[in-house]
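Commentary on secondary and tertiary structure
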Amino acid sequence: MRPRLQLTVDCADPERLAAFWAAALGYRVEPAPAPFPTWRAYWLDQGVPEEELGTGDCSDSIADPDGAGPRIWFQQVPEPKAVKNRLHPDLGVSGGRGVPFETRRDRVRTEAARLERLGATRLRTEDSPGTGSCSVVMQDPEGNEFCVH
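Residues numbered from 1 in each chain as written. Predicted model: local features only at pLDDT ≥ 70, side-chain atom pairs only at ≥ 80, totals over all residues. Heavy atoms only, no water.

1. Let's talk about the nonpolar core
By size, the foremost hydrophobic cluster in this structure holds 22 residues, and its most contacted members are Phe20, Trp21, Ile62, Phe74, Leu115, Met138 and Phe146. The biggest single contributor to this core is helix α1 (residues 14-25), with six residues. One finds Ala32, Trp39, Tyr42 and Leu53 within the second-largest nonpolar core, a separate group that totals five residues. (Core = buried A, V, L, I, M, F, W, Y, C linked by side-chain atoms within 4.5 Å. Buried < 20%, exposed > 50% of the residue type's maximum accessible area, 1.4 Å probe, protein only. Helix = DSSP H or I, 4+ residues; strand = E, 2+ residues; numbered from the N terminus.)

2. Brief notes about the pattern of salt bridges
Scanning the model with the defined rule gives six salt bridges in all. For Glu116, the salt bridge identified is with Arg122, shortest N-O distance 3.1 Å. Using a relative accessible area of 33% as the deciding quantity, one classes Glu116 as partly exposed. (Salt bridge = Lys/Arg side-chain N within 4 Å of Asp/Glu carboxyl O.)

3. A closer look at the layout of surface pockets
The gaps left among the atoms become clear once a water-sized probe is rolled over them. Of the pockets and cavities examined, the largest pocket occupies roughly 810 Å³. As for the largest pocket, its lining consists of 30 residues, and the residues nearest its centre are Thr8, Val9, Asn85, Leu87 and Asn144. Secondary-structure elements contributing two or more residues to the lining of the largest pocket are β1 (6-11), α1, β4 (71-76) and β5 (90-91). Sorting elements by how many residues they give to the lining of the largest pocket places β1 first, with five residues. Looking at the lining of the largest pocket residue by residue, the classes come out as 17 nonpolar, four polar and nine charged. In this structure, the second largest pocket spans a volume of roughly 380 Å³. Lining the second largest pocket are 18 residues; nearest its centre among them are Pro14, Glu52, Leu53, Cys58 and Gln76. Among the secondary structure elements, those contributing two or more residues to the lining of the second largest pocket are α1, α3 (50-53) and β4. (1 Å grid on protein atoms, 1.4 Å probe; cavity = no way out; pocket = protein on both sides within 12 Å on 5 of 7 lines; lining within 4 Å. Points joined across faces, edges and corners; volume = space filled by probe spheres on them. Nonpolar A, V, L, I, M, F, W, Y, C, P; charged D, E, K, R; others polar.)

4. A short note on the sheet that holds strand β3 (residues 61-63)
Within the open sheet, the four strands sit side by side as β1-β4-β3-β2. Their pairing is mixed. Taken across any chain shown, the strands that pair with only one partner, and hence form the sheet edges, are β1 and β2 (28-29). Pairing analysis gives six bridges linking β1 to β4, with the strands arranged parallel. Each residue of the ladder has a partner; that of Val9, found in β4, is Phe74. Contacting β1, β2, β3 and β4, α1 runs over the sheet at an angle of about 155° to β4. (Pairing = 2+ DSSP bridges. Contact = heavy atoms within 4.5 Å. Axes fitted to C-alpha atoms, helices over the stretch in contact; angles between N-to-C directions.)

This is the structure:
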(Lines give C-alpha, C1' and ligand atoms only; values in the text may rest on other atoms or scores of the structure.)
Protein backbone atom coordinates (compact mmCIF):
# COMPACT_ATOMS: atom_id res chain seq x y z
CA MET A 1 0.00 0.00 0.00
CA ARG A 2 1.32 3.43 -0.94
CA PRO A 3 1.39 6.01 1.90
CA ARG A 4 -0.93 9.01 1.77
CA LEU A 5 0.75 12.39 1.99
CA GLN A 6 -0.33 14.86 4.66
CA LEU A 7 1.53 18.12 5.05
CA THR A 8 1.91 19.42 8.60
CA VAL A 9 2.60 23.08 9.27
CA ASP A 10 3.79 24.14 12.73
CA CYS A 11 2.09 27.38 13.73
CA ALA A 12 0.76 29.56 16.54
CA ASP A 13 -2.82 29.97 15.27
CA PRO A 14 -4.13 26.88 13.43
CA GLU A 15 -7.59 28.32 12.73
CA ARG A 16 -6.16 31.43 11.10
CA LEU A 17 -3.76 29.49 8.88
CA ALA A 18 -6.39 26.88 8.00
CA ALA A 19 -8.73 29.65 6.83
CA PHE A 20 -5.96 31.42 4.88
CA TRP A 21 -4.64 28.32 3.10
CA ALA A 22 -8.14 26.98 2.37
CA ALA A 23 -8.91 30.24 0.55
CA ALA A 24 -5.48 30.35 -1.11
CA LEU A 25 -5.67 26.79 -2.46
CA GLY A 26 -9.40 26.39 -3.07
CA TYR A 27 -9.49 23.77 -0.31
CA ARG A 28 -12.12 23.48 2.40
CA VAL A 29 -11.68 23.62 6.15
CA GLU A 30 -12.39 20.09 7.30
CA PRO A 31 -15.65 19.78 9.21
CA ALA A 32 -15.75 18.19 12.62
CA PRO A 33 -16.73 14.51 12.74
CA ALA A 34 -20.48 13.87 12.94
CA PRO A 35 -22.45 14.49 15.07
CA PHE A 36 -20.28 17.32 16.47
CA PRO A 37 -21.01 20.87 15.26
CA THR A 38 -17.38 22.02 15.83
CA TRP A 39 -13.95 20.58 16.45
CA ARG A 40 -14.09 22.23 19.89
CA ALA A 41 -17.18 20.16 20.75
CA TYR A 42 -15.43 17.03 19.45
CA TRP A 43 -12.26 17.62 21.47
CA LEU A 44 -14.22 18.43 24.63
CA ASP A 45 -16.12 15.16 24.16
CA GLN A 46 -12.77 13.36 23.83
CA GLY A 47 -11.70 14.73 27.23
CA VAL A 48 -9.36 17.53 26.15
CA PRO A 49 -9.54 20.23 28.86
CA GLU A 50 -11.16 23.53 27.82
CA GLU A 51 -8.04 25.51 28.82
CA GLU A 52 -5.96 23.58 26.25
CA LEU A 53 -8.27 24.48 23.39
CA GLY A 54 -7.94 28.25 23.32
CA THR A 55 -10.74 30.15 21.62
CA GLY A 56 -12.72 29.50 18.46
CA ASP A 57 -13.99 26.25 17.01
CA CYS A 58 -10.54 24.57 16.88
CA SER A 59 -10.51 23.96 13.10
CA ASP A 60 -6.96 22.96 12.24
CA SER A 61 -6.99 21.07 8.95
CA ILE A 62 -7.96 21.55 5.32
CA ALA A 63 -8.65 19.16 2.47
CA ASP A 64 -8.84 19.30 -1.30
CA PRO A 65 -12.56 19.09 -2.15
CA ASP A 66 -11.67 16.93 -5.18
CA GLY A 67 -9.55 14.57 -3.08
CA ALA A 68 -6.52 15.01 -5.35
CA GLY A 69 -4.26 17.14 -3.14
CA PRO A 70 -2.84 16.29 0.27
CA ARG A 71 -4.60 17.02 3.53
CA ILE A 72 -2.88 19.87 5.39
CA TRP A 73 -2.85 19.94 9.17
CA PHE A 74 -1.88 23.09 11.09
CA GLN A 75 -0.28 21.94 14.33
CA GLN A 76 -0.11 24.44 17.16
CA VAL A 77 3.35 24.66 18.67
CA PRO A 78 4.59 26.91 21.50
CA GLU A 79 7.73 28.23 19.81
CA PRO A 80 7.66 30.98 17.13
CA LYS A 81 9.01 30.50 13.61
CA ALA A 82 12.75 31.11 13.84
CA VAL A 83 14.38 30.50 10.44
CA LYS A 84 13.63 30.32 6.73
CA ASN A 85 11.56 27.33 5.62
CA ARG A 86 13.52 24.37 4.21
CA LEU A 87 10.40 23.34 2.27
CA HIS A 88 7.85 25.73 0.83
CA PRO A 89 4.75 25.57 -1.36
CA ASP A 90 4.80 26.87 -4.93
CA LEU A 91 1.43 27.96 -6.30
CA GLY A 92 1.46 27.60 -10.07
CA VAL A 93 -1.08 29.98 -11.57
CA SER A 94 0.65 31.32 -14.68
CA GLY A 95 -0.21 28.52 -17.09
CA GLY A 96 3.40 27.63 -17.86
CA ARG A 97 5.88 28.58 -20.52
CA GLY A 98 3.43 27.89 -23.36
CA VAL A 99 1.55 31.05 -22.30
CA PRO A 100 2.88 34.48 -23.37
CA PHE A 101 5.10 36.10 -20.73
CA GLU A 102 2.84 39.14 -20.24
CA THR A 103 -0.19 36.91 -19.62
CA ARG A 104 1.73 34.79 -17.13
CA ARG A 105 3.03 37.91 -15.35
CA ASP A 106 -0.52 39.33 -15.11
CA ARG A 107 -1.86 36.05 -13.70
CA VAL A 108 0.92 35.89 -11.10
CA ARG A 109 0.43 39.52 -10.05
CA THR A 110 -3.36 39.09 -9.85
CA GLU A 111 -3.03 35.99 -7.66
CA ALA A 112 -0.42 37.67 -5.44
CA ALA A 113 -2.76 40.63 -4.94
CA ARG A 114 -5.62 38.26 -4.01
CA LEU A 115 -3.39 36.49 -1.49
CA GLU A 116 -2.34 39.83 0.01
CA ARG A 117 -6.04 40.63 0.57
CA LEU A 118 -6.30 37.29 2.41
CA GLY A 119 -3.41 38.23 4.72
CA ALA A 120 -0.21 37.25 2.89
CA THR A 121 2.79 39.57 2.62
CA ARG A 122 4.73 40.14 -0.60
CA LEU A 123 8.49 39.83 -0.07
CA ARG A 124 9.79 40.28 -3.61
CA THR A 125 8.76 40.07 -7.24
CA GLU A 126 10.87 38.56 -9.99
CA ASP A 127 10.09 39.52 -13.58
CA SER A 128 12.69 38.36 -16.04
CA PRO A 129 11.35 38.39 -19.60
CA GLY A 130 14.77 37.26 -20.86
CA THR A 131 14.55 33.96 -18.98
CA GLY A 132 10.77 33.82 -19.06
CA SER A 133 10.57 33.78 -15.27
CA CYS A 134 7.89 35.61 -13.34
CA SER A 135 7.19 34.90 -9.68
CA VAL A 136 6.33 36.50 -6.37
CA VAL A 137 7.84 35.35 -3.10
CA MET A 138 5.35 35.75 -0.26
CA GLN A 139 4.73 34.90 3.37
CA ASP A 140 1.52 33.55 4.87
CA PRO A 141 0.05 35.32 7.95
CA GLU A 142 2.60 33.60 10.25
CA GLY A 143 5.65 34.26 8.07
CA ASN A 144 5.93 30.91 6.23
CA GLU A 145 7.40 31.50 2.79
CA PHE A 146 5.75 30.41 -0.45
CA CYS A 147 6.00 31.36 -4.11
CA VAL A 148 3.43 32.26 -6.71
CA HIS A 149 4.57 31.53 -10.25
